[in-house]
Amino acid sequence: MAEHVIIGAGSIGTNVARLLVERGESVRIVTRSGSGPAHPLVERVAADASDPLRMTQLSRGAKVIYHCANPTSYTLWERLLPPLQTSVIAAAKANDAVLALTGSLYAYGPQPGGRMDERTPMAATGRKGRLRKRMWEQALGAGIRTVEVRGSDYIGKDAVGIYSMLIEPAWEKGRAAWITGHLDMPHTFTFNGDMATTLVALAQDERAWGRAWHVPSAPAVTIRELARRCAVAAGRPPVKLVQLPRFAMRTAGLVVPIAREMAEMDYQWYAPFHMDATETADTFGLTATDLDAAIRDQVALAAA
């Protein structure tokens, strides 16, 4: 019987599992493929996490359920995320487990000055932001102990983001990195290891339950500065960055579904985007990993 059940074995789920087993606690990771880190204290189970009966069974005896799953494509969100949310809520309720949710900043929508703290109202107007808002409200209204931890775009080992999707492929192919965003707008990046640390800490602290918190993250930097630091960490020449016109993705979105979904969220990249986690840091004594250390965690290993 596992003390902790984790849904998803991406960079967040895997980091959460590693933190827990380092403490000697048993973990069950649930994915469709049965993937996850190999460790004597980790049980990997292949199952459909959107099946409430199956998830309730797999979560029996668990103290915490960590929902770390996220569809790889925006086009799948409306179809896959609501059943997953309903399932993990049902499992937490049936087993009296804490439900710890991996969240994002999407529910806030565009904010004046691009600044968001833990008290910022959820004011999203886009489909994906409204979906995130509904899902959190669903968890809050379910009569369970729950917490949502929100982070910005990830950096760190195995993180999916600017580096893995744009900078590293440009190096490998010897070409420029085509960026769908303003190169010189400050943007907060969250170390995926800090997301895992915050999830684990807040899931086990009753002061956190019943509201959303932010992951302590390094000060915002521009995409241009991030790329420069990646080059230093990798010991490689700086990659050439080419800023695509904003209309390009929006025009493509008229016929390409994924382009349309990306264009909906482009406000994050064409204006300042600052996530403030002061309240989380002060309440729980958490600190952000230095950005260069987070970059080395991803870039140096990828370049090796």
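In short, a report on the structure. Keep in mind it's a predicted model, so treat the numbers as computed, not measured.

The next thing to look at is the environment of Thr75. One can find Thr75 in the loop between strand E4 (64–67) and helix H3 (77–95). Linking Thr75 and Ile258, residues 183 residues apart in sequence, is a C-alpha distance of 6.1 Å. Excluding residues that lie within four positions of it along the chain, Thr75 makes contacts with Pro257, Ile258 and Glu261. Separated by 2.8 Å, the side chains of Thr75 and Ser73 make a polar contact.

A few words now on the nonpolar core. Ile6, Val16, Val27, Tyr66, Leu199 and Leu202 are the most contacted members of the largest nonpolar core, which totals 29 residues. Those elements that provide at least two residues to this core are helix H1 (11–22), strand E2 (27–31), E4, strand E5 (98–103), strand E7 (146–150) and helix H6 (192–203). Considering every element that reaches this core, the biggest residue donor is H6, with 6 residues. When neighbours within four sequence positions are excluded, Leu199 is seen to be in contact with Ile12, Val16, Tyr66, Cys68, Ala100, Leu101, Thr102 and Val149. Within the second largest apolar cluster, 27 residues are counted, among which are Ile162, Ala170, Trp171 and Val299.

All right, on to the sheet that holds strand E1 (residues 4–7) then. Strands sit in the order E3-E2-E1-E4-E5-E7-E11 across an open sheet of 7 strands; the sheet is parallel. This sheet does not close on itself; its edge strands, each paired only once, are strand E3 (42–46) and strand E11 (212–214). Geometrically, the sheet is characterised by an average inter-axis angle of 20° between neighbouring strands, direction not taken into account. Note that E7 and E11 share 3 bridges and pair parallel. Paired with Val149 across the strands is Trp213, a residue of E11. Along the sheet face, H3 touches E1, E4 and E5 and points at about 170° away from the line of E4. Helix-sheet contacts for helix H4 (residues 127–140) involve E5, E7 and E11, and the interaxial angle to E7 is about 155°.

Criteria and cut-off values
Residues numbered from 1 in each chain as written. Predicted model: local features only at pLDDT ≥ 70, side-chain atom pairs only at ≥ 80, totals over all residues. Heavy atoms only, no water. Helix = DSSP H or I, 4+ residues; strand = E, 2+ residues; numbered from the N terminus. Contact = heavy atoms within 4.5 Å. Polar contact = N/O pair within 3.5 Å; in protein donor to acceptor, adjacent residues only side chain to side chain. Core = buried A, V, L, I, M, F, W, Y, C linked by side-chain atoms within 4.5 Å. Buried < 20%, exposed > 50% of the residue type's maximum accessible area, 1.4 Å probe, protein only. Pairing = 2+ DSSP bridges. Axes fitted to C-alpha atoms, helices over the stretch in contact; angles between N-to-C directions.

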